[in-house]
Amino acid sequence: MPEPVERIEEFEALAKEYQREIYSSALRMTRDPDDAADLAQEVFVRAFRAFPRFRQRSNFRAWLYRILTNTYINECRRRSRTPEQVSLEELTRPAEPSTDSADHRAADPEAALMASVTDEQLLQALDRLPEGFRLAVLMHDVQQLSYGEIAESLRVPLGTVRSRLCRGRRLIFRQLKDHARAQGWV
């Protein structure tokens, strides 16, 4: 068995390799940079503590994603049991003015349709997905994890991963199609 110092160096090298990827996934899950930083930090703390039990031939990336997913789900459960505190300032802040979508329309219908679906709208559609579908789509389409890695991370069968991906993508498509119809482009 390697010396403890060698294992620490091994962990540091692996952690550096996946640090940005884990933060990016945490940001997509939490939708808040501060929460994402906290979540990513918690993932690496838990991974470091459990690293002596990590099997050398296992997939470190999938293992990190399993820790990320479990930590995120546990945090969501904990928060749902704890009432959220809202400051008086937030309650009294005036609403931000909305932008009129008619100002953004282009003369060319095809260009208008292409301009209508922004990254923000795609992210909003993704955010509206039920959690299981959202996690599967994020892990596969954004983070490029394989079906097997996703199944291992979420602790679900491979068929469930495929089903969630298919249904999640279909729901995103419907949302974007409904948006295009509402804008009069389809």
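Predicted model, so just to flag it, every value in this text is computed and none were measured.

Draft legend 1. How the structure looks around the pattern of salt bridges. Considering all chains together, one arrives at five salt bridges under this definition. Among the ionic pairs, Arg-61 bridges to Glu-149, the shortest N-O distance being 3.7 Å. Residue Arg-61 is located in helix 3 (residues 60-81), and its partner Glu-149 is located in helix 8 (residues 147-154); the two are separated by 88 residues in the primary sequence. Glu-149 shares its class with Arg-61; the two are buried. For Glu-152, the salt bridge is made with Arg-66, and the minimal N-O distance between the two is 3.4 Å. Of this pair, Glu-152 sits in helix 8 while Arg-66 is found in helix 3, placing the two residues 86 residues apart along the sequence. The class for Glu-152 is partly exposed, based on a relative accessible area of 33%. Among the ionic contacts, a cluster of salt bridges with common partners joins Glu-21, Arg-61 and Glu-149.

Draft legend 2. Inspection of the packing of aromatic side chains at higher detail. One pass over the structure, following the stated rule, counts 10 aromatic pairs. For the pair Phe-11 and Phe-48, a centre-to-centre distance of 5.3 Å together with 65 degrees between the ring planes defines the contact as edge-to-face. Here Phe-48 lies in helix 2 (residues 33-50) and Phe-11 lies in helix 1 (residues 4-30), a separation of 37 residues in the sequence. Phe-11 sits in the buried class, given a relative accessible area of 6%. Taking relative accessible area as the criterion, Phe-48 reaches 42% and is therefore assigned partly exposed.

Draft legend 3. Region of interest: unusual backbone geometry. You will see that Arg-31, though not glycine, has its phi angle at about 65 degrees, which is positive. Tracing the backbone through its elements, the reader meets Arg-31 in the loop between helix 1 and helix 2. Overall, Arg-31 belongs to the partly exposed group, its relative accessible area being 42%. One non-glycine residue, Arg-155, adopts positive backbone phi at about 60 degrees. Here Arg-155 shows up in the loop between helix 8 and helix 9 (158-182).

Draft legend 4. Just the packing of helix 1 against helix 2, in detail. One way to put it is that helix 1 packs onto helix 2 with a least axis distance of 8 Å and a crossing angle of 150 degrees. Taken as a pair, helix 1 and helix 2 cross one another with a handedness that is right-handed. For the pair helix 1 and helix 2, the contacting residues are Ile-8, Phe-11, Ala-15, Tyr-18, Gln-19, Ile-22, Tyr-23, Ala-26, Leu-27, Met-29 and Thr-30 in the first and Pro-33, Asp-35, Ala-36, Ala-37, Leu-39, Ala-40, Val-43, Phe-44, Ala-47 and Phe-48 in the second. Split into classes, the residues belonging to the contact of helix 1 with helix 2 amount to 18 nonpolar, two polar and one charged.

Draft legend 5. Broad picture of the nonpolar core. Ranked by size, the top nonpolar core spans 41 residues in total, and within it Ile-22, Phe-60, Trp-63, Leu-64 and Leu-68 carry the most contacts. Elements that contribute at least two residues to this core include exactly helix 1, helix 2, helix 3, helix 6 (119-127), helix 7 (131-142), helix 8 and helix 9. In this structure Leu-64 touches Tyr-18, Ile-22, Val-43, Phe-44 and Ala-47, once residues within four positions along its chain are discounted.

Draft legend 6. Focus on the side chain of Thr-71. If you trace the backbone, Thr-71 turns up in helix 3. Judged by relative accessible area, which is 6%, Thr-71 ranks as buried. Apart from the residues within four sequence positions on either side, Thr-71 is in contact with Leu-39, Glu-42, Val-43 and Arg-46.

Draft legend 7. Inspection of helix 7 at higher detail. The end-to-end C-alpha distance of helix 7, which contains 12 residues, comes to 15 Å, matching closely the 16 Å that a straight helix rising 1.5 Å per residue would cover. For helix 7, the full list of buried residues reads Phe-133, Arg-134, Leu-135, Ala-136, Val-137, Leu-138 and Met-139. Of the residues one or two after helix 7, Gln-144 is the one with positive phi, at around 65 degrees.

Each value, and the rule that gives it
Residues numbered from 1 in each chain as written. Predicted model: local features only at pLDDT ≥ 70, side-chain atom pairs only at ≥ 80, totals over all residues. Heavy atoms only, no water. Salt bridge = Lys/Arg side-chain N within 4 Å of Asp/Glu carboxyl O. Helix = DSSP H or I, 4+ residues; strand = E, 2+ residues; numbered from the N terminus. Buried < 20%, exposed > 50% of the residue type's maximum accessible area, 1.4 Å probe, protein only. Phe/Tyr/Trp six-rings, centres within 6.5 Å; stacked < 30°, edge-to-face > 60°. Axes fitted to C-alpha atoms, helices over the stretch in contact; angles between N-to-C directions. Left-handed = near helix turned anticlockwise from the far one by under 90°. Contact = heavy atoms within 4.5 Å. Nonpolar A, V, L, I, M, F, W, Y, C, P; charged D, E, K, R; others polar. Core = buried A, V, L, I, M, F, W, Y, C linked by side-chain atoms within 4.5 Å. Expected span 1.5 Å × (residues − 1).

In short, the description is geometric, and any link to function would need to be established separately.
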